[in-house]
Amino acid sequence: MGKPTGFKEYPREVGGYRPVQERVRHWNEFLVPLPAEALNRQSARCMDCGVPFCHSGCPLGNLIPDFNDLVYKGRWKDALRALHATNNFPEFTGRLCPAPCEAACVLGIADPAVTIKQIERAIVDRGWEEGWIQPEPPARKLGESVAVVGSGPAALACAQQLARAGCDVTVFEKNDRIGGLLRYGIPNFKLEKSHIDRRVRQMEAEGVRFATGVCVGVDLPVDRLRSDFDAVVLAGGSEQPRDLNVPGRGLQGIVFAMEFLTQQNRRCEGDEVPEWDAILATGKRVAIIGGGDTGADCLGTSHRQGAAAVYQLEILPQPPPTRSPRTPWPLWPMQLRTESSHEEGGERLWGVSTVRFEGDSEGRVRRLVAQRVSPPPKFEPVPDSEFSLDVDLVILAMGFTGPVRSGLLEQLGVELDARGNVKTDADWQTSVPRVFATGDMQRGQSLIVWAIANGRKCAEGVLRHLGADQQAV
Amino acid sequence: MSDSLEPIQRGLPPAQGLYDPANERDACGIGFVANIFGQKTHSIVEKGIEILINLTHRGACGCDPETGDGAGLMIQIPDAFFRKECRKIGFDLPRPGEYAVAMVFLPVEPAPRLACEAVLEAVATQEGLEVLGWRDTPVEGDAIGRVARVSQPYIEQFFVRRPEGMDQESFERKLYVVRKRASNEVRLSDIPDREYFYIPSLSSRTIVYKGLLLAPQIAKFYAELTDPDVASAMCLVHQRFSTNTFPTWNLAHPYRLIAHNGEINTLKGNVNWMHARQSVLASPLFGDDLRKLFPIIEPGGSDSACFDNALELLVRAGRSLPHAVAMMIPEAWVHDPSMPAERRAFYEFHAGLMEPWDGPAAVAFSDGRVIGATLDRNGLRPARYEVTHDGQIVMASESGVLTNRPENVKAKGRLQPGRMLLVDLEQGRIVSDDELKDSLARRQPYGEWIARHQIRLEELPEPPHVHPTDHGTLLQRQRAFGYTDEDLKFLLIPMAEKGEEPVGSMGYDIPLACLSDKPQRLTDYFRQLFAQVTNPPIDPIREASVMSLVSHIGTERNILEETPQHAHLLKMPQPILTNADLERLRRVSQGDFLATTLPSLYLVDGGAKGLERAIESLCRRASLAIKAGYTVLILSDRGVDEEYAPIPALLAVSAVHNHLVREETRTQVALVVESGEPREVMDFALLIGYGASSVNPYVVFETYEDLEKNGLLPEGLTAKKASENFTKAIGKGLLKTFSKMGISTLQSYKGAQIFEAIGLDKAFVDRYFTGTPSRIGGVGLEVIHREAAMKHAKAFERVRSVDLELPIGGKYQYRRDGEPHLLSPEAIAKVQHSVREGSFEKFQEFCRMIDEQNERLMTLRGLLVLKEADNPVPLEEVEPAEAIVRRFTTGAMSFGSISREAHEALAVAMNRLGGKSNTGEGGEEEERFGDERRSAIKQVASGRFGVTTNYLVNADELQIKMAQGAKPGEGGQLPGHKVDEVIARVRHSVPGVTLISPPPHHDIYSIEDLAQLIFDLKNANPEARISVKLVSEVGVGTVAAGVAKAHADVVLISGDSGGTGASPLSSIRHAGLPWELGLAETQQVLVQNDLRGRIRVQTDGKLQTGKDVAVAALLGAEEFGFATMPLIALGCVMMRKCHLNTCPVGIATQDPELRAKFQGTPDHVIRYLFYVAEDLRRHMARMGFRRVDEMIGRVDRLETRNLEHHWKAKGLDLSPILHAPQMPRRIARRCVIAQDHGLESALDHRLMDLASDAIEKGQPVQIQLPIRNVHRTVGTMLSGRIAKRHGSLGLPDDTIRCRFVGSAGQSFGAFLMRGITLELEGDANDGVGKGLSGGRIIVYPPKNAGFAPEESVIVGNVALFGATSGEAFFSGIAGERFAVRNSGATAVVEGVGDHGCEYMTNGCVVVLGRTGKNFGAGMNGGFAFVYDADGSFADRCNLGTIDLEPLTEVDDAVRVRSLVERHAALTGSPLARRLLEGWDEALRKFVKVFPKEYRRVLAESARKLEQEAVRG
């Protein structure tokens, strides 16, 4: 088991990023991998806890102490096996997951946590490099067919699990490319799209069929799916953006984050975006409303597009620099996070709420008026705190309010829960027989680890339901 | 029958609830007196009775103080007396030896009595004896206690005449047949009250008087014993201390041939084997009569009774009594190079005939012609003797039981381990052990027989083919046998690396096997039993000389004969077979040896029925194989494939074993297991315990090969070496497992079934594991099959690159898809958040996680529901939390195992709360005594670390730790690198020196020893409560009853899940039971015995919530202990790394860097315990209880949840836990009165009176008093008083000088404080100067003694045990285990018994004479200087930790000389004078015993001093 005293001997060390000046000039990833011997030391910091809180803090239940130990011992291929045992796409999570495991790491009680995410990424990257990651087609077919609607991480995880168990799986994606939010929502500099492409190739080799450009409920009636397939899995995500209903919202130049990010991703893919439709931060003063990860993605994208100035507005007050006592270990800590995009510039405004937008004569947004507000839950305006920012582009990155109800969900008539997400039972089945739901569509907007985890669990539910779990995993 | 309102039952009650009479234990005092020349006098009988009276304190009495546990005596037939008496009745006796007399217990009512008499007469007549007549034995009913009186049988004597022409031996044999037949016939008859019928003796030589008596009552009850005509040349006596208060006349000793002090640990196996070998018994002496003797072992007897039954058979069939005794209780011969070869051959030959009856035993025996005694190989019972010039010998558990004029005393000695003392009354002389054993050894050319007929495995021819490793299918097979990743990580690889069992820490918190949803292995349903209180565990490492893995396999022959063929056995040095070994065995064809392989597989598709049929067929095939002449049956599960699953190896072995035992063919074959399943110590222990001789764990070997092939073995380790290390590790682990139960040899462990099952169906157990306790029912074949099928299905799934090869496990470490843990990450976080934030709401969320085991069942308490009242009481009427928390204690965690910060935080919290914290076994810094960092409970454990008088007086409670939940039956070890300055100071040791806690307390080998230690501690601190900590196992209730009778104030029943700083993994998981069972059993047995009212009951073992406390209270506890949870409150996150010193939260570590990370505060603990109390109050309100006292023992307020839905739990029946014995209302269910400790009669009251000026003003005082063996623990109360008044410094040297004349009782000068000198002219018993704390003890024989002091025993066993400072001078020889665990005292003695200076860590011992064996075992510190007159000392040393060297240093020479001079001056020792006269010569013969570690540590500190001097 690792090195019992490693945590006392070695400090935490991460590879970090390429310099800001360099990385903002391109759209590629800019992570710097740690050399193998340094990673070995980092893995030696794992204490192989009797109760590994990291493992429990991870929605996937990744076998973190186990793969740390294997890396420490140089058994990379076995580490990859351990990693894949709970996680279909560690290269996604190794790049995008905020790592609640590290927040729950026991070492983190008094010292910097083990660099779990970095080790995870190193394992899977090496797996691809070495050619260890190969398709795993099922030993035998079950003769059951499943349609998966959507192709984000939940959909892909679910589809892969089902295909490996022997189902005939078809993935329906309304866009032209597979990946969902991963493809168009996550900037290329955080996840290069080739990662998705090779997983798609792997899945195709495992028997998954991909149907892109098919919007179920629009291009294809849901009933067709229900009649053609033994089961249908809804994994269409939580795509309904939260809007900001303040005076001036109708002005031009106020857009949703996903519109902005999607366009840039298309450009990176080589697609043409017509000028009339283009949303570009180039040379503009940009206000991003929303202080979360999407906001940060917009921030990084704006800088790469060459914005003149970028403001990121957050209604919550600035969190403390270290773990807030209200979120004690091993909970996900409330604390100030400085993402790579924040390092690249821009100004963060805390505890502010937008009052209105003001535009020019052409109806384009030119000014954002905001005020300071008290902390939650009241968010009471602070008297005489109003101020304004001169802006040319406003990006709304305030999260999502649930799945799009029109079309697919309405046609099916599935029951929703109080929060407007699709309601499921213990087998992940919706109120409509043989129709299942997973991912953000079922849980509401969440982390990629939850998407993969729930995609896997939904697959188990489907298999249970199909009576196939006896033969399955 | 009696028409009283409360019929008092007779004998042991039937099994009920959790009580089973099979668990009853007893211990006692034994003794005999004899005239060596065989002269019969009445005075011998009188003296015997006097001995008995002087041993009274070794017995006990129960709820009725006038009713003893039993006493009795055996004498030669008083011919003159009977002649006279019979003439009065109307018949004349023939000449002595031509008639026999039976002592007969009969029903009281005339009709059944006459019926029984008729049976006896009829049988005697049928057997050709002439009935002479009956004599009513006059007894005085008023002389005995009420309970004894009500259960008293009618007692008569029955006389028969020896037929013409029959010699006396044949007559005795016939009498034996008559007794057995009559007993069987009455037992099987329908005569009412037939259970009264019992024949204590029927012989032409001896007669036994016994009964449910206290020693002083016997002569009054059996009035004839005072008749001057009752004359005998010998009198053998026994005083019993039993664990119960049930009236049992028959179980008093002596039996027909013996009286026994101790316990036979291997009884179940011995009885089974005796039963099994009945079929091959034959004896020309008995002829057809032999069948009439069956069953040889009479049902319902105690261990001693069973032993007597077997011994009697051997003797009546022709062996001499000493021969038979030596066969049943052999010396430790395997590892003793100094034993003559002939004698070793004798033992080895007999080892092939019969397994030892193993356990602590002092057995006194007599057939009327010889009288003697022997001691088990460990010497675990005391036995002292004295011979006078006028031909009298006295032997007893204590010295001083008879007073002889000093000048008449010829020799004083003690019985030594494995040795025999024999008086031949016909020859009129004492036969020495050597002479006796030599003559036995020369009876036959045993050595030659062995050389000619014994086969050795290694001598068998090389097999042509050995199964190679099949890498391709290994993974499948590993999966089919239930291997997990953890098995490799925690078991196989560590064992391969280190050659020993891996160590872990913290407790067990996963579901019981019968509740787990994961497929379990059958072995997981079993728990090891262990010794506590009634017998001691053994230290298998330091006392390895008594341990043995050797066994002999082959057909067992008629044990009533001895022939060369009896040596035709295969000798196995240890039980694990390599693949090559197994092939050798499979192909064996020498003499009788012929092996066959029986496949142990079943068609998995056939389901449970198929499994059942497969087992049946396996048993049938075993029978057929025996008929066909096979003598070795190899049960093999090779050949697992997609269709065939393995029958669990344990099930296969035990089913076949029990089947063959029933068939009485078991002794004709050896069972060998070839299985892929066994891989940890527990597996092997179980297989052997259920009958396997040897085991070939082939998948383990293949796994090592596979790991090697894949480069996964640690560097430099080959698969071959790994397998060897594995074999070594398992061997060590097995010895440890045996030793936990006090068993020394594999031969006697085999088939002894020393296990308890938990969660197995009764019918299943009765059928396949006959005789194993399984008290709450559970799963049967159906589930066992399902679990096998689950693993089998998994095995043949394809393994993909995204699957783990083996299941993750999750038993040792939490994993989400593994076994659930009570202390899950969520639960730990929740409770920590609650106490840090002060949120009772979060605490209640935590409680719900623990209490509501709706989805996953974990614990027995989780299956119990609290019954709510129809009329709940308002919460505010429930007693406040402040009152409840006073019942709370924290568990014993030593300073050393946890950091000072954590230790003090617990103490402070408990003091502020009004509860009690516990020091653990590492002592406590004296600075803490005066303030709130003081622990109210001071623990006294086997290592006695830091146990000084001052420590004892600074306690509110003294806890004697008999066992620990995480590792019952084991000791512990604090490695030297963890012993820093502070810890060393507190533990009175040297920094850097490893500290060993022995498995047993060396002053507690039995229940009466425990009573003695309780008495010692109570004397030291009369204000403190004395508590005894036990661990839950079957029979713990019985032990607790014994503890109550030994006058403990509190008994703690610990559960199996308690934590530990370091313990072998197999102990954490496989020993001990949940507290629910132990607590319920304790409550039931204490109530049944009317003992509950005088003892408080405490429980602990992962108590977490108010509901846990409620369940504990309802099951019978009035106090509650917490250990893991307070640590969690302080920040523990269950790292389970305590043993590595790397605790990252600063709790279980001494590393200053890590200790700095400790974030806990006393408030966290206080809050946690208050929350528990608050949670409890809410349950109480709902249940309608206002006070905790109202709840205690109210099992009627618990019910079992509906378990129908759970595939395993549905078979459980918790009603035995919820059983309440039917008793009248006045019998207390909780503690209502204080124990009577009998301190008022202590001699120390006089000492304290006489020394009051010394105590108060420091004025020197001199005291002179006579002393007797009934004066126990002299000087201790006085010492406690001084420590309380003056602290650890005591008084100036020699302030109080006491001079005694006589024989001192046990524990003379225990915990004697500085400032007191005890001088004794005479001798002393066991435990002299134990815990010596600065005082001085001087013992020498009477000046006019008729013997040489240096050749006689002057003090008993375990003198100076755990002494921390002070001096002792003994002019004479000391018993076994002299100065064990001495950590600072200086002593001079003229000879010592075995195991001298064992575990010593500091101090200085000078031995001027011969030492026993195993000197200096585990000695890590201090010095010993031994005068080695004949240069043989080295042979008797255990050189594991010590070096021997000549005395070359001047300092040493000066030191030894000055000590010898003082010895001469203080004791007048003639030996010392002689040595001093020729000092230069003498000095050359001294050997210095220098512990290796001590040398290193001294050198280091010298170097440090030097460096400092240079710098300074």
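Residues numbered from 1 in each chain as written. Chains lettered and ligands numbered in written order. Predicted model: local features only at pLDDT ≥ 70, side-chain atom pairs only at ≥ 80, totals over all residues. Heavy atoms only, no water.

By the definition in use, this model includes 174 salt bridges over all chains. With a shortest N-O distance of 3.2 Å, Lys 1018 of chain B and Asp 1049 of chain B are connected by a salt bridge. Taken together, the residues Lys 1018 of chain B in helix α30 (residues 1007–1020) and Asp 1049 of chain B in the loop between α31 (1036–1045) and β36 (1050–1054) connect sequence positions 31 residues apart. As far as burial versus exposure is concerned, Lys 1018 of chain B and Asp 1049 of chain B are alike and both buried. Here the residues in one salt-bridge network are Arg 285, Arg 356, Glu 358, Asp 360, Arg 366, Arg 367, Glu 386, Asp 390 and Asp 392 of chain A, joined through shared partners. (Salt bridge = Lys/Arg side-chain N within 4 Å of Asp/Glu carboxyl O. Helix = DSSP H or I, 4+ residues; strand = E, 2+ residues; numbered from the N terminus. Buried < 20%, exposed > 50% of the residue type's maximum accessible area, 1.4 Å probe, protein only.)

Right, let's talk about the pairing of strand β48 (residues 1383–1389) of chain B for a bit. Residues and elements named next belong to chain B. Here β48 lies mainly inside the structure; six of its seven residues are buried. Taken together, the four bridges between strand β46 (residues 1365–1370) and β48 define a ladder with parallel strand orientation. When the sheet's bridge partners are listed, Phe 1369 is paired in β48 with Val 1388. As paired strands, β48 and strand β49 (residues 1402–1407) are joined by five bridges and run parallel to one another. Opposite Val 1389, over in β49, you have Val 1407 as the bridge partner. (Pairing = 2+ DSSP bridges.)

A word on the nonpolar core. As a rule of thumb, soluble globular proteins bury nonpolar side chains together. All names here are of chain B. Core analysis: the largest hydrophobic core is formed by 319 residues, its most contacted members being Phe 526, Tyr 704, Phe 888 and Leu 1030. If one sorts the elements of this core by residue count, helix α37 (residues 1162–1183) sits on top with 11 residues. The residues touching Tyr 704, leaving out its near neighbours within four places in the chain, are Leu 492, Met 495, Ala 496, Leu 713, Ala 719, Ala 722, Ser 723 and Phe 726. Counting residues in hydrophobic clusters, the runner-up holds 101 residues, among them Phe 81, Leu 212, Tyr 255 and Phe 307. (Core = buried A, V, L, I, M, F, W, Y, C linked by side-chain atoms within 4.5 Å. Contact = heavy atoms within 4.5 Å.)

What follows covers the packing of helix α34 (residues 1106–1115) of chain B against α37 of chain B. Residue and element names in this part refer to chain B. Between α34 and α37, the shortest axis-to-axis distance is 7 Å and the interhelical angle comes to 60°. Our classification of the angle between α34 and α37 gives oblique. The two elements α34 and α37 meet at a crossing, and its hand is right-handed. Contacts from Gly 1106, Lys 1107, Val 1109, Ala 1110 and Leu 1114 in α34 reach Val 1172, Asp 1175, Leu 1176, His 1179 and Met 1183 in α37. (Axes fitted to C-alpha atoms, helices over the stretch in contact; angles between N-to-C directions. Parallel < 35°, antiparallel > 145°, perpendicular 65-115°, else oblique. Left-handed = near helix turned anticlockwise from the far one by under 90°.)

Okay, a negative patch on the surface next. On the surface, Asp 605, Asp 641, Glu 642 and Glu 643 of chain B cluster together into a negatively charged patch. Tracing the backbone shows Asp 605 of chain B in the loop between β23 (601–603) and α16 (607–627). (Patch = residues over 30% accessible without salt bridge, like charges linked within 9 Å, V, L, I, M, F, W, Y side chains within 5 Å. Areas by Shrake-Rupley, 256 points an atom, 1.4 Å probe, with all protein chains shown as cover. Lys, Arg positive; Asp, Glu negative; His and termini not counted. Charge placed at Lys NZ, Arg CZ, Asp CG, Glu CD.)

Here we come to the sheet that holds β49 of chain B. Residues and elements named next belong to chain B. Strand order in the open sheet formed by 10 strands is β41-β42-β43-β44-β46-β48-β49-β50-β52-β51, and the pairing between neighbours is mixed. Each of the sheet's edge strands pairs with one partner strand only, and the pair in question is β41 (1261–1267) and β51 (1442–1446). Averaged over all neighbouring strand pairs, the angle between strand axes comes to 15°, with direction disregarded.

Moving on, we come to the interface of chain A and chain B. Each partner contributes to the interface: chain A provides 41 residues, whereas chain B provides 41 residues. Of the roughly 3,500 Å² buried between chain A and chain B on both sides combined, carbon and sulfur atoms contribute 57%. Counting the surface chain A buries against chain B, the share from its top three residues, Val 51, Arg 81 and Glu 136 of chain A, is 18%. Joining chain A to chain B, the criterion identifies five salt bridges. Put simply, Lys 8 of chain A and Asp 1151 of chain B hold a salt bridge, and the shortest N to O gap is 2.2 Å. Across the contact surface, chain A and chain B share 19 residue pairs in polar contact (both at pLDDT 80 or more). Secondary-structure elements contributing two or more residues to the side of chain A that touches chain B are α1 (6–9), α4 (53–57), α5 (64–72) and α6 (76–84) of chain A. Its residues assigned to classes, the side of chain A that touches chain B comprises 27 nonpolar, six polar and eight charged. (Buried area = accessible area lost by both parts, 1.4 Å probe. Polar contact = N/O pair within 3.5 Å; in protein donor to acceptor, adjacent residues only side chain to side chain. Nonpolar A, V, L, I, M, F, W, Y, C, P; charged D, E, K, R; others polar.)

Our next topic: the sheet that holds strand β30 (residues 888–890) of chain B. Residues and elements named next belong to chain B. The seven strands are arranged β30-β39-β38-β36-β35-β32-β31 in an open sheet whose pairing can be described as parallel. Lying at the two open borders of the sheet, with one neighbouring strand each, are β30 and β31 (937–940). Across this sheet, the average inter-strand angle for adjacent strands is 25°, counted without regard to direction. On the sheet, α34 packs against β30, β38 (1096–1100) and β39 (1119–1122) and is oriented at approximately 140° with respect to β39.

Time to look at the environment of Arg 25 of chain A. Residues and elements named next belong to chain A. Tracing the sequence through the fold places Arg 25 in the loop between α2 (20–23) and α3 (36–44). When its relative accessible area of 66% is taken as the criterion, Arg 25 is described as exposed. Note: C-alpha distance between Arg 25 and Gln 305 (280 residues apart in sequence) is 8.8 Å. At a separation of 3.3 Å, a polar atom in the side chain of Arg 25 contacts the main-chain carbonyl oxygen of Gln 21.

Once that is clear, we can look at helix α14 (residues 485–498) of chain B. Side chains three or four residues apart in an α-helix point the same way, a direct result of the helix having 3.6 residues per turn. Residues and elements named next belong to chain B. Between its first and last C-alpha atoms α14 spans 19 Å; for 14 residues at 1.5 Å apiece the expected length is 20 Å, and the two agree. A bend of about 30° at Leu 492 is the largest found in α14, and the proline Pro 494 appears one to four places after it. Buried residues dominate α14, accounting for 10 of its 14 residues. Along its buried surface, α14 packs onto α19 (698–709), α20 (719–740) and α32 (1065–1070). Following α14 by one or two positions, Gly 499 has its phi on the positive side, about 70°. (Expected span 1.5 Å × (residues − 1). Bend = angle between axes of the 7 residues up to and from the residue.)

Right, let's get into the packing of aromatic side chains. One pass over the structure, following the stated rule, counts 52 aromatic pairs over all chains. Taking the centre distance of 5.9 Å and the plane angle of 90° together, the rings of Phe 172 of chain A and Phe 229 of chain A count as edge-to-face. Here the residue Phe 172 of chain A occupies a position in strand β2 (residues 168–173), and Phe 229 of chain A occupies one in the loop between α13 (222–228) and β4 (231–234), the gap between them amounting to 57 residues. A relative accessible area of 9% places Phe 172 of chain A in the buried class. A ring pair is formed by Phe 840 of chain B and Phe 843 of chain B, whose centres lie 6.2 Å apart and whose planes are at 15°; its orientation type is stacked. Here Phe 840 of chain B pairs with Phe 843 of chain B, and both are found in helix α25 (residues 840–851), just three residues apart, close to one helical turn. Residue Phe 840 of chain B shares its accessibility class with Phe 843 of chain B, and that shared class is buried. (Phe/Tyr/Trp six-rings, centres within 6.5 Å; stacked < 30°, edge-to-face > 60°.)

This part covers the packing of helix α10 (residues 341–353) of chain B against helix α11 (residues 433–441) of chain B. Residues and elements named next belong to chain B. Put simply, α10 and α11 touch, their axes get as near as 9 Å, and they point 65° apart. As α10 packs across α11, the resulting crossing turns out to be left-handed. Mapping the contact onto sequence places Glu 342, Arg 343, Phe 346 and Tyr 347 in α10 and Asp 433, Asp 434, Lys 437, Asp 438, Leu 440 and Ala 441 in α11. By residue class, the composition of the contact of α10 with α11 is four nonpolar, no polar and six charged.

Our focus in this paragraph is helix α2 (residues 79–89) of chain B. Residue and element names in this part refer to chain B. Listing the buried residues of α2 in full gives Asp 79, Phe 81, Phe 82, Glu 85 and Cys 86. Along the axis of α2, the buried residues cluster in a sector spanning 155°; they form a single face. In α2, those exposed residues whose orientation departs by more than 90 degrees from the buried face are Arg 87 and Lys 88. Of the surrounding secondary structure, the elements contacted by the buried residues of α2 are β3 (99–106), β4 (130–136), β5 (154–161) and β7 (206–211). Following α2 by one or two positions, Gly 90 has its phi on the positive side, about 125°. (Arc of directions from axis to C-beta.)

Attention shifts here to the pairing of strand β52 (residues 1486–1491) of chain B. Residue and element names in this part refer to chain B. The element β52 is extensively covered by neighbouring structure, given that six of its six residues are classed as buried. Every second residue of β52 is oriented toward a common face, with Phe 1486, Lys 1488 and Phe 1490 on one face and Val 1487, Val 1489 and Pro 1491 on the other, all of them buried. In the sheet, strand β50 (residues 1423–1427) pairs with β52 via four bridges, with the strands oriented antiparallel. Its bridge partner being in β52, Phe 1425 is matched across the sheet by Lys 1488. Relative to β52, β51 is paired through five bridges, and the arrangement is antiparallel. Bridge pairing links Ile 1442 to Pro 1491 in β52.

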